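# Examining the three-dimensional arrangement
One letter stands for each residue in the lines below.
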Amino acid sequence: MLDPDDVRRFSEAITRVDRLSQEMGTNGDSHTNQSTVTIQAGGIGVWAAVTCCAVMLAMNVCLLFMLAGHNRKIERLEDYLQAIYAQAPSLKPKD
């Protein structure tokens, strides 16, 4: 719960702030101090981001094709080893 003394002190502080703002020549509704934050998404930053994304996608596509090529090479190597083991079963490692 709020203490009645705290509420009284708070209302006195608000009254003093209003009185000071009127003495300084500003009314309580409008303020002369304003700050604005502007974010402009354009220019070189956007081009850099788009270029990085394009390079990333191109690399992924290239790696995908390389991975498919490696799978074919691995299958051919397995066939090659099976042919060798068929001719010389003594070379086959024991599990």
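Preceding this section is the structure that the text describes.
Here goes a summary of the coordinates provided. Every value quoted in this text rests on a predicted model; they were computed, and no experiment measured them. (Residues numbered from 1 in each chain as written. Predicted model: local features only at pLDDT ≥ 70, side-chain atom pairs only at ≥ 80, totals over all residues. Heavy atoms only, no water.)

## Some thoughts on the overall build of the protein
Which entries qualify depends on this criterion: The numbering of helices and of strands both runs from the N terminus, where a helix is a DSSP run of H or I of at least 4 residues and a strand a run of E of at least 2. For this measure, only C-alpha atoms enter the radius of gyration; the expected value for a globule follows 2.2 Å times N^0.38, where N is the number of residues. The cut-offs for exposure are 20% and 50% of the maximum accessible area for each residue type, with area from a 1.4 Å probe on protein chains only; residues under the lower value are buried, those over the upper are exposed, and the others partly exposed.
When helices and strands are counted, the protein shows two helices and zero strands. For 95 residues, the compact-globule estimate of 2.2 N^0.38 gives 12 Å, and the C-alpha radius of gyration of the protein, at 38 Å, exceeds that figure by more than 25%. With the C-alpha coordinates of the protein rotated into their principal frame, the extents come out at 105 × 45 × 15 Å. For the protein, with 95 residues in total, the buried portion stands at 3%.

## Some thoughts on the pattern of salt bridges
We count it as follows: Within this document, salt bridges are pairs made up of a side-chain nitrogen of Lys or Arg and a carboxyl oxygen of Asp or Glu, the two lying within 4 Å of each other.
By the definition in use, this model includes two salt bridges. With a shortest N-O distance of 2.3 Å, R9 and D6 are connected by a salt bridge. Note that R9 and D6 are positioned in helix 1 (residues 4-23) at a spacing of three residues, about one turn of the helix. In this structure R9 comes out as partly exposed when scored by relative accessible area, which is 45%. In this structure D6 comes out as partly exposed when scored by relative accessible area, which is 38%.

## Structural notes on a nonpolar patch on the surface
Put simply, the rule is: Here the term patch refers to residues with relative accessible area over 30% and no salt bridge, with like charges joined within 9 Å and nonpolar side chains (Val, Leu, Ile, Met, Phe, Trp, Tyr) within 5 Å. The protein chains shown are the only cover counted for residues, whose accessible areas, like all others here, come from Shrake-Rupley with a 1.4 Å probe.
Nonpolar side chains collect at one region of the surface, where L77, Y80 and L81 lie side by side and expose about 300 Å² of accessible area between them. Along the chain, L81 falls in helix 2 (residues 44-87). Take L81: its relative accessible area is 32%, and that puts it in the partly exposed class.

## Side note on the state of the cysteines
Covalent bonding between the sulfur atoms of two cysteines is what defines a disulfide. Which entries qualify depends on this criterion: Here, the term disulfide refers to a pair of cysteine sulfur atoms separated by no more than 2.5 Å.
In the structure shown here, the tally under the stated rule is zero disulfides. We note that C52 lacks a disulfide partner, and the nearest cysteine sulfur, in C53, lies 7.0 Å from it. The exposure class assigned to C52 is exposed, which follows from its relative accessible area of 54%.

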